[in-house]
Amino acid sequence: MIYLDNAATTKPSAAALEKAAEFLSDNYFNPSAPYGAGFALQGQLKKARTAILSHVCDVNAYELVFTSCGTESDNTAIFSCCRRGNAVTTEGEHSAVLAGLTELKNRNVIDLRTAGIDEYGRVRVDELLDLIDDKTTFVSVMHVNNETGAINDVNAIAKAVKCKNPRVLFHSDGVQAFGKIPFRLSPEIDFYSISAHKIGGLKGVGALIKKKSAVLHVFMHGGGQENGRRSGTENVYGIKVLEYAAEEKYAKLRENFSRLKEYKSCFLQSLNGEIYTPLSSPDASPYIISVSAKGLRGEVLLHMADEKGLIVGAGSACSSNSKRRYSRVVLACGYDESVADGVLRISFSTDTTKDEVLAAAEILNEIGAELSRKMN
Ligand code: PLP
């Protein structure tokens, strides 16, 4: 089996699972317990927090709240920061951001303003800045688009946003960027969401990185864990796996980035250009490639690939839960429905090999030609 749907989820890192194993078995205590074993686990959580933060930001200026997933991190930032007035975001956002903001709009809490994206899925920055005024309380711009891999220069965007309105709280969804893209948070970014299962960690663990100076209005009330910011007993094992998986990714971040960039160009060169058109730009994340087989149905190709042992995605991972036929993001990029209907998302992990990439291109060429023949 060739698994190229890593933007949906990754295989947990065997090394991280093994290193964290003691926290699943012997070290099972409640990290809030007022005795030695509990204090030791609090120390382990603190170590994980600092290690994860150190990969992307100044540990003295930022802190980290563990959550249950990227979706919770996004929602925590949104429901904590949006105040009466308006919130500005982009058409490229994951539903974890768009649905949360839409909910606040439907409750008449905010006026929601959405900036367009270009053909590759990058936010149109001028349009975004034009939407910001003195009533804007919150801006959210994703770092890497989960469908096209487009990279937004969120540091520069946050800086320009703060120039227009310094009171805005700036959030970025970094779920597809953390552990993959060389990057450090500039001081203009107040909140940054990450998720463990996209980088060899486990499903059900995420984190919201926040500026120490930014106030977080509590969303989950209860036992006061996470310094009172997110109640609920921490998933110590999952958090330690995240810490170790991140350590593994950051030890070889640039090496992996350039290797996968090379695989991406090999893959695109091997793909039959008469059937498939790349939608991702050459400078997008090398981890995510979106292509369209115009006139063919991506969903049918996905099942044909599956039968041949190749697993790829079709647009957003969450789209299988929705009734929508076309990817909202691909339509927002300006493509018509016949292009949007033929979209496949191929996403790599650091475990992906060149042989797998070449074999995947061959399978896609084969099934693309087969389906074209059937259609004519
Ligand atoms: N944000 C982006 C950009 C994503 O790609 C995803 C997952 O696909 C999420 C948020 C949600 O993350 P989680 O699955 O951890 O809730």
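My aim in this report is to walk through the structure given alongside it, one point at a time.

So, how was this worked out
- Residues numbered from 1 in each chain as written.
- Predicted model: local features only at pLDDT ≥ 70, side-chain atom pairs only at ≥ 80, totals over all residues.
- Heavy atoms only, no water.
- Helix = DSSP H or I, 4+ residues; strand = E, 2+ residues; numbered from the N terminus.
- Rg over C-alpha atoms; globule rule 2.2 N^0.38 Å.
- Buried < 20%, exposed > 50% of the residue type's maximum accessible area, 1.4 Å probe, protein only.
- Areas by Shrake-Rupley, 256 points an atom, 1.4 Å probe, with all protein chains shown as cover.
- Lys, Arg positive; Asp, Glu negative; His and termini not counted.
- Charge placed at Lys NZ, Arg CZ, Asp CG, Glu CD.
- Salt bridge = Lys/Arg side-chain N within 4 Å of Asp/Glu carboxyl O.
- Pairing = 2+ DSSP bridges.
- Right-handed = clockwise from strand over helix to strand, strands pointing away.
- Near = heavy atom within 4 Å.
- Polar contact = N/O pair within 3.5 Å; in protein donor to acceptor, adjacent residues only side chain to side chain.

### Regarding the overall build of the protein
Next up, step 1: When helices and strands are tallied, the protein shows 12 helices and 12 strands.
Next up, step 2: Expected size for 376 residues packed as a compact globule is a radius of gyration near 21 Å; at 21 Å, the protein falls within 12% of this value.
Next up, step 3: Looking at the 376 residues of the protein, the share that counts as buried comes to 55%.
Next up, step 4: As presented, the protein carries roughly 15,800 Å² of accessible surface, and 51% of it is formed by carbon and sulfur atoms.
Next up, step 5: With 44 positive and 45 negative side-chain charges, the protein shows a separation of 4 Å between the mean positions of the two kinds.

### Brief notes about the pattern of salt bridges
Any two side chains of opposite charge can pair, given that their charged atoms come close.
Next up, step 1: Under the criterion given, the structure shown has 20 salt bridges.
Next up, step 2: Linking Glu243 and Lys240 is a salt bridge whose minimum nitrogen-to-oxygen distance equals 2.6 Å. Taken as a pair, Glu243 and Lys240 lie in helix H7 (residues 236-251) at a separation of three residues, close to a single helical turn. With respect to burial, Glu243 and Lys240 carry one shared label: buried.
Next up, step 3: Residues joined in a network through salt bridges with shared partners are Lys47, Lys240 and Glu243.

### Side note on the pairing of strand S5 (residues 136-140)
Next up, step 1: Judged by how many residues are buried, S5 sits mostly within the fold: five of five residues are covered.
Next up, step 2: As defined by bridge partners, strand S3 (residues 85-90) adjoins S5 across three bridges and the pair is classed as parallel. If you follow Val88 over to S5, its bridge partner there is Val139.
Next up, step 3: Inspection of the sheet shows S5 paired to strand S6 (residues 169-173) by three bridges, in the parallel sense. Within S6, the residue paired with Val139 across the bridge is Phe170.
Next up, step 4: For the segment spanning S5, helix H6 (residues 154-164) and S6, crossover handedness is right-handed.

### Notes on the site of the ligand
Next up, step 1: Within the structure, the ligand sits among 13 residues, and Thr71, Asp173, Gln176, Ser195 and Lys198 are positioned closest to it.
Next up, step 2: Between the ligand and the protein, one listed contact pairs an oxygen atom with a side-chain N or O atom of His94 at 3.5 Å.
Next up, step 3: Contact distances for the ligand include 2.6 Å between an oxygen atom and a side-chain N or O atom of Lys198.
Next up, step 4: The fraction of the free accessible surface of the ligand (390 Å²) that becomes covered by protein chains is 92%.
Next up, step 5: Among the elements that take part in the shell around the ligand, helix H3 (residues 70-81) stands out by supplying three residues, more than any other.

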